Amino acid sequence: MAKTQARKDKAPSVASAKTEVKKNTATTKAKASDAKKKTSVAKSKPKAASKEVSASKAKKTAGARGTSKSRTAAKSDGSWLLNLRNKSRVELEGKTILVTGSPGFVGANLVLRLLKEMKTGTVISFDNMNDYYNPTLKEYRLKLIDEAVAKSGVNHLFIRGSIADAPLVERVMSSYRPDVVVNLAAQAGVRYSIDHPEVYVESNLVGFFNILEACRRYPVEHLVYASSSSVYGGNKKIPFAVEDKVDHPVSLYAATKKSNELLAHCYSKLYDIPTTGLRFFTVYGPAGRPDMFYFSAAKKLVSRNVIQLYNYGNCRRDFTYIDDIVEGVFRVMQGAPEKKKGDDGLPIPPYAVYNIGGGTPENLLDFVSTLQEELVRAKVLPKNFDFEAYRELVPMQPGDVPETYADSRALEEDYGFRPTIGIREGLRRFAEWFYEYRRRYGDKD
Ligand SMILES: NC(=O)c1ccc[n+]([C@@H]2O[C@H](COP(=O)([O-])OP(=O)(O)OC[C@H]3O[C@@H](n4cnc5c(N)ncnc54)[C@H](O)[C@@H]3O)[C@@H](O)[C@H]2O)c1
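Everything quoted here is computed from the prediction, not taken from an experiment. (Residues numbered from 1 in each chain as written. Predicted model: local features only at pLDDT ≥ 70, side-chain atom pairs only at ≥ 80, totals over all residues.)

A. Representation of the overall build of the protein chain within the structure. Counting secondary structure elements, the protein chain contains 15 helices and 19 strands. Going through the 445 residues of the protein chain one by one, you find that 51% of them count as buried. A separation threshold of at least 6 residues defines the contact pool for the protein chain, and within that pool the share at least 24 residues apart is 85%. (Helix = DSSP H or I, 4+ residues; strand = E, 2+ residues; numbered from the N terminus. Buried ≥ 20, exposed ≤ 12 C-beta atoms within 10 Å, placed from the backbone. Contact = placed C-beta atoms within 7 Å.)

This is the structure:
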């Protein structure tokens, strides 16, 4: 972990060519005319706005992420863009895109994708680098971003700070005037919300409100934000469709995500802000979140600790590989709900919500078996590993739900995409990454 650690010591600097300026200069910069600012951001490398801000243009060659079928398909064929229904096309090329929650798991992968797809423009990562899980992994992802920046014509800024910090959000929005905002920053995790409710209120409610307010004051072409499959709570009707009732959350996390959708609807209606919420279903993949089952199970098995299978293993989860999630977000960003007026002359809210889920729920026991096979195949575990000795069947946990199952037809109809990567392939890529990461950095996740 030497390289990552060294960079962490110098945080928030992110790469060889970086810019850091004092915290309060952002306010001064914000006073410049909006139009002027917008032009200068699009044409040239933006000036950093605060001490929390670093601009990176790394020198090294990218070795970032492997490609996937879906990624390749999307690059070679943009025909789906011609079939967007009831959407306004949002051109990303040359634009300024703000991605909060990068370098979190989904955010970092989205930024890597944008750096690959766009030729010019600016991508801003905005994250408080909290220690809900080991921030070393976020530093690692930031390093992948730095490496990708070297191969991209796109500028990248990293702003270290909280979206719950309203003045900072205001400075960022007024200084850089993003065209598209993707809000992925949030306190994730269902179980953690049971003992740490205040963090969820701060990041997911206050933080999201700040983003909405900023989008009202500095209009954007599209605000895309992460919701979650957890809003479906204990719904019995499967698969879960966006039209289903989701009024009975079983965790505070779910309640904050549902609240985000309500707040977004209100802001879309009142201020004509195009918003799209995406209900992600259990995202997994390389450099994922160590708090999630597949990752923590791999870590436990490596250190010969027992893994617990909740609800006695009798759970079904609609797992979604990270590249599929990124493909979905990338497409949705480019098609904003159309602005229309109703008979009353007022805006019909340019608002939408979609599921993004694999659509093939896996039984937890089958998922674990595949994970184990792939950990052996990737040489993380020996061939003769006694798996039975390291699994324990335990009761259901508070906040958990027995089954998730996405109906992603709306996404397919409107954006021509549904997740394609199955758990065998996805867990193989995870296991191979896990092996390589541990070989290079040891147990630092
Ligand atoms: N991974 C999944 O399975 C999953 C499923 C459903 C929904 N989601 C949602 O998708 C989004 C991304 O999730 P992820 O898996 O990448 O999680 P993650 O924890 O890896 O990323 C979230 C990032 O947000 C940052 N963050 C948290 N609070 C912040 C704040 N107040 N200000 C600035 N940054 C802050 C964290 O430091 C982290 O890097 C989240 O909104 C999450 O709730 C994820």
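B. Local environment of the site of the ligand. Residues in close proximity to the ligand total 27 residues, the closest being Gly104, Phe105, Ala185, Ala186 and Ala226. Looking at the shell around the ligand, the elements that each hand over two or more residues are helix H5 (105-117), helix H9 (197-217) and strand S8 (222-228). Looking at the shell around the ligand, the element that brings in the most residues is H5, giving 3 residues. Of the residues that constitute the shell around the ligand, the class distribution is 12 nonpolar, 12 polar and 3 charged. (Near = placed C-beta within 6 Å. Nonpolar A, V, L, I, M, F, W, Y, C, P; charged D, E, K, R; others polar.)

C. Summary view of helix H7 (residues 166-176). Of all 11 residues that make up H7, 8 are buried, and the element is covered over most of its length. Taken as a whole, H7 has its buried residues at Leu168, Val169, Arg171, Val172, Met173, Ser174, Ser175 and Tyr176. Following H7 by one or two positions, Arg177 has its phi on the positive side, about 45°.

D. Geometry of helix H13 (residues 364-377). In this model H13 runs 20 Å from its N-terminal to its C-terminal C-alpha over 14 residues, within 8% of the 20 Å that 1.5 Å per residue would give. Listing the buried residues of H13 in full gives Phe367, Val368, Leu371, Gln372, Glu374 and Leu375. Along the axis of H13, the buried positions cluster into a sector of 170°, meaning they face one direction only. H13 presents Asp366 and Ser369 as exposed residues on the side facing more than 90 degrees away from its buried surface. Where the residues of H13 are buried, they touch helix H11 (293-302), strand S11 (307-309), strand S12 (316-317), strand S18 (362-363) and helix H15 (423-441). (Expected span 1.5 Å × (residues − 1). Arc of directions from axis to C-beta.)

E. Structural context of the packing of H9 against helix H10 (residues 252-271). Two elements in contact, H9 and H10, have axes whose closest approach is 10 Å; the angle formed by their N-to-C orientations is 15°. Viewed along their axes, H9 and H10 adopt a mutual orientation that is roughly parallel. Relative to H10, H9 is oriented so that their crossing is right-handed. Across from Pro197, Tyr200, Asn204, Leu205, Phe208, Phe209, Leu212 and Arg216 in H9, the residues of H10 making contact are Leu252, Tyr253, Thr256, Ser259, Asn260, Leu263, Ala264, Tyr267 and Tyr271. (Axes fitted to C-alpha atoms, helices over the stretch in contact; angles between N-to-C directions. Parallel < 35°, antiparallel > 145°, perpendicular 65-115°, else oblique. Left-handed = near helix turned anticlockwise from the far one by under 90°.)

F. Geometry of the pairing of strand S6 (residues 155-160). Buried residues dominate S6, accounting for 5 of its 6 residues. Pairing analysis gives 6 bridges linking strand S5 (residues 122-127) to S6, with the strands arranged parallel. Across the sheet, residue Ile124 finds its bridge partner in S6, namely Leu157. As a crossover connection, the stretch from S5 through helix H6 (residues 136-150) into S6 is right-handed. (Pairing = 2+ DSSP bridges. Right-handed = clockwise from strand over helix to strand, strands pointing away.)

G. Summary view of the nonpolar core. Counting residues in hydrophobic clusters, the biggest one holds 109 residues, and the most contacted among them are Val182 and Val329. The element contributing the most residues to this core is H5, with 8 residues. Among all residues touching Val329, those that are not within four sequence positions of it are Leu110, Val182, Val224 and Leu278. (Core = buried A, V, L, I, M, F, W, Y, C linked by C-beta atoms within 7 Å.)

H. Region of the structure containing the packing of H5 against H6. Direction vectors running N to C along H5 and H6 enclose 5°, while the axes themselves pass 10 Å from each other. Here H5 lies roughly parallel to H6, going by the angle between them. Touching Ala108, Val111, Leu112, Leu115 and Lys116 of H5 are Arg141, Leu144, Ile145, Ala148 and Val149, all from H6. The residue makeup of the contact of H5 with H6, split by class, is 8 nonpolar, no polar and 2 charged.

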